[in-house]
Number of protein chains: 2
Amino acid sequence: MVEEDPSSMSLRPGKTVETSDAMTEGTNNRPRDKAVMENKEDLTGFNVLYVVTQATGGLLCVLVLVWCSNYRDGFAWSVPAARFNWHPLFMTIGMVFLFANSIMVYRGLRNMRKKQLKLLHAGIHSAILLLIIIAQVAVISFHNELNIPNFYSLHSWVGILTMLIFFFQWALGLVAFLFPGLSAPIRAAMMPYHIYFGLTAFALAIATCLMGLTEKVFFVVKNYASLPGEGVLVNIIGLLFVIFGILVVYMVTHIGYKRYPRPEDNVLLTGVAE
Amino acid sequence: MVEEDPSSMSLRPGKTVETSDAMTEGTNNRPRDKAVMENKEDLTGFNVLYVVTQATGGLLCVLVLVWCSNYRDGFAWSVPAARFNWHPLFMTIGMVFLFANSIMVYRGLRNMRKKQLKLLHAGIHSAILLLIIIAQVAVISFHNELNIPNFYSLHSWVGILTMLIFFFQWALGLVAFLFPGLSAPIRAAMMPYHIYFGLTAFALAIATCLMGLTEKVFFVVKNYASLPGEGVLVNIIGLLFVIFGILVVYMVTHIGYKRYPRPEDNVLLTGVAE
């Protein structure tokens, strides 16, 4: 059965190699064997980076909360301007922080059983979908009450594309990898696309947030150009989105941090002892 | 000598595998051998995708030109508003279209000699630097003439970070991989970071462009919410940035499209027959 664990994803530069020894001296006629053996788990720096990544993501969520609470109108469903604030907060928590953690479970909780990791991955995705729905209702009802058209900005167009990719990944992932689960070769063939479009959606989520911040700050901070406290805060939030994205994608594509299949994964995959 | 070709980069999900046959039946005690052999060049769909990618990038540049010419003030250095337009045009051509092509040379021109590919990669980077300089002078002098502060927006903050990464990649790349060129193990160790931060800069360039479009369209298209022609054009340009980015990153991370080392690469690397 072919491994189709998303944790297999990695940028593998300089790993699948032809050694010059092999090529010039002919001492090794299977030069790639060595390279493959190099593809072993190497968790150097993993813990530090993981903590830094989670701290960055946590700080990001806190600063969005602080921004909406202290500089904007806080959180209340009955007041349109305050209702709007659920949108940036829940999209940040859902499409950025939780999405990152959904992707990272295969790295951060690498000793958990594969089936549990998949369930957790799918479970977090489902929680994100719930947050997205609330966040969308918040902004659409805010727009409607103030007679502002919906879905005209580039922020919303790219956001819709991002949510569509996210939704199809969730639905297809459930069917293909969890229940009922397709055959191993089909799963293996689908997995690269599941990973690629998962990371694409995550990157687009961050780009969409950056556009959302840009839009909002120009709308509400009239003296943005003189960089008042709120302007600086919004810019720092934007940089944190970027730094968080860089850290997360690194964590899940670095070859050494890959979770290699465990013997018990296979037992689970073959249905024995479940 | 360890291969340090940027074309080695790839997302490798489900490729480095443990087969269940191997694990449950013990018929294959070197299960990864098979997987490695699967990592061969597989150019299925490459030509079509390459043409679609280049066409998307070309269309993107043309539409930015059309936008600046037909809806904005065209191109003239003497008129501030027209001078500004060199900024979006040259940043799109430089940091997006040419940057993508600089990364893609290892895939698109895979039969060219390694040394020539490196020189082309570095050469395109140098041309981009020139375009960046002109584009920055254009916007800064436009701001100064209109008494608009420089570098206050999130667009500019993320843009500066992007340009810094790009610049260091160029400088470090020249020293490490071209002239004088560091030792093979050091190059091999650096290459994953060169690739990761290269793709990071490319993704950030696109995010920065999306913010730039967002900023500009809200500034200059007063009835943007009713989606006039210019609003639709800007949104389409934004989507093209996204689609182009998705295509380019796929092209350079897809394992089958990797340019595997050629025997003559090694001759070049070892300095023989250069």
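Naming follows an unreviewed UniProt entry, where chain A appears as Cytochrome b561 domain-containing protein of Laodelphax striatellus. Quoted straight from UniProt, the Cofactor (unreviewed entry) entry for chain A says "heme b".

## Notes on the overall build of chain A
When its secondary structure is counted, chain A shows 10 helices and 0 strands. Reading the secondary structure of chain A in the N-to-C direction produces α-α-α-α-α-α-α-α-α-α. Relative to its 274 residues, chain A shows a buried fraction of 57%. The long-range share in chain A, meaning contacts at least 24 apart out of those at least 6 apart in sequence, stands at 75%. For chain A, the accessible surface area stands at approximately 10,900 Å², while carbon and sulfur atoms represent 69% of it.

## Digging into the UniProt feature "domain: Cytochrome b561" (unreviewed entry) in chain A
According to UniProt, the feature "domain: Cytochrome b561" (unreviewed entry) maps to residues 52-253 of chain A in the numbering used here. Across residues 52-253 of chain A, helical content stands at 83% and strand content at 0%; the span's end C-alpha atoms are separated by 17 Å.

## Examining the side chain of His87 of chain A
When you line up the elements, His87 of chain A lands in helix α5 (residues 86-108). Setting aside chain neighbours within four positions, we find His87 of chain A in contact with Ala135, Gln136, Ala138, Val139 and His155 of chain A.

## Things to note about the packing of aromatic side chains
Residue and element names in this part refer to chain A. According to the stated counting rule, one finds 38 aromatic pairs over all chains in the structure shown. An angle of 55° between the planes, with centres 4.8 Å apart, marks the rings of Phe75 and Trp86 as tilted. With a gap of 11 residues between them, Phe75 in the loop between α3 (46-71) and α4 (80-84) and Trp86 in helix α5 connect regions that are remote in the sequence. We classify Trp86 as partly exposed; its relative accessible area is 22%.

## Some details on α5 of chain A
Residue and element names in this part refer to chain A. Taking 1.5 Å of rise per residue, 23 residues should cover 33 Å, yet α5 covers just 28 Å from first to last C-alpha, more than 12% shy of that figure. Of all bends in α5, the biggest is about 35°, found at Ser102. Across the 23 residues of α5, 18 count as buried, placing the element largely inside the fold.

## A short note on a nonpolar patch on the surface
Among the surface-exposed residues, Trp77, Leu130, Ile133, Ile134 and Val137 of chain A lie close enough to one another that they form a single nonpolar patch of about 460 Å² accessible area. Relative to the helices and strands, Val137 of chain A resides in helix α6 (residues 114-145).

## A closer look at the pattern of salt bridges
Residue and element names in this part refer to chain A. Counted under the stated rule, the structure contains 6 salt bridges over all chains. A salt bridge links Arg110 to Glu41; the nearest nitrogen and oxygen atoms lie 3.0 Å apart. With Arg110 in the loop between α5 and α6 and Glu41 in the loop between α2 (31-38) and α3, this pair connects stretches of sequence that are 69 residues apart. Given a relative accessible area of 6%, Arg110 falls into the buried group.

## Quick word on helix α9 (residues 229-253) of chain A
End to end, α9 of chain A covers 36 Å across 25 residues, agreeing with the expected 36 Å (1.5 Å per residue, within 8%). Most of α9 of chain A is tucked away: 19 of the 25 residues are buried.

## Focus on unusual backbone geometry
Residues and elements named next belong to chain A. Going from Phe179 to Pro180, the amide bond is cis rather than trans, its omega being -5°. Backbone geometry places Phe151, a non-glycine residue, at a positive phi of 55°. Of note, Phe151 is situated in the loop between α6 and α7 (154-178). Residue Phe151 is classed as partly exposed on the basis of its relative accessible area of 38%.

Analysis parameters
- Residues numbered from 1 in each chain as written.
- Chains lettered and ligands numbered in written order.
- Predicted model: local features only at pLDDT ≥ 70, side-chain atom pairs only at ≥ 80, totals over all residues.
- Heavy atoms only, no water.
- UniProt positions renumbered as here; feature names shortened; annotations may be inferred.
- Helix = DSSP H or I, 4+ residues; strand = E, 2+ residues; numbered from the N terminus.
- Buried < 20%, exposed > 50% of the residue type's maximum accessible area, 1.4 Å probe, protein only.
- Contact = heavy atoms within 4.5 Å.
- Areas by Shrake-Rupley, 256 points an atom, 1.4 Å probe, with all protein chains shown as cover.
- Phe/Tyr/Trp six-rings, centres within 6.5 Å; stacked < 30°, edge-to-face > 60°.
- Expected span 1.5 Å × (residues − 1).
- Bend = angle between axes of the 7 residues up to and from the residue.
- Patch = residues over 30% accessible without salt bridge, like charges linked within 9 Å, V, L, I, M, F, W, Y side chains within 5 Å.
- Salt bridge = Lys/Arg side-chain N within 4 Å of Asp/Glu carboxyl O.

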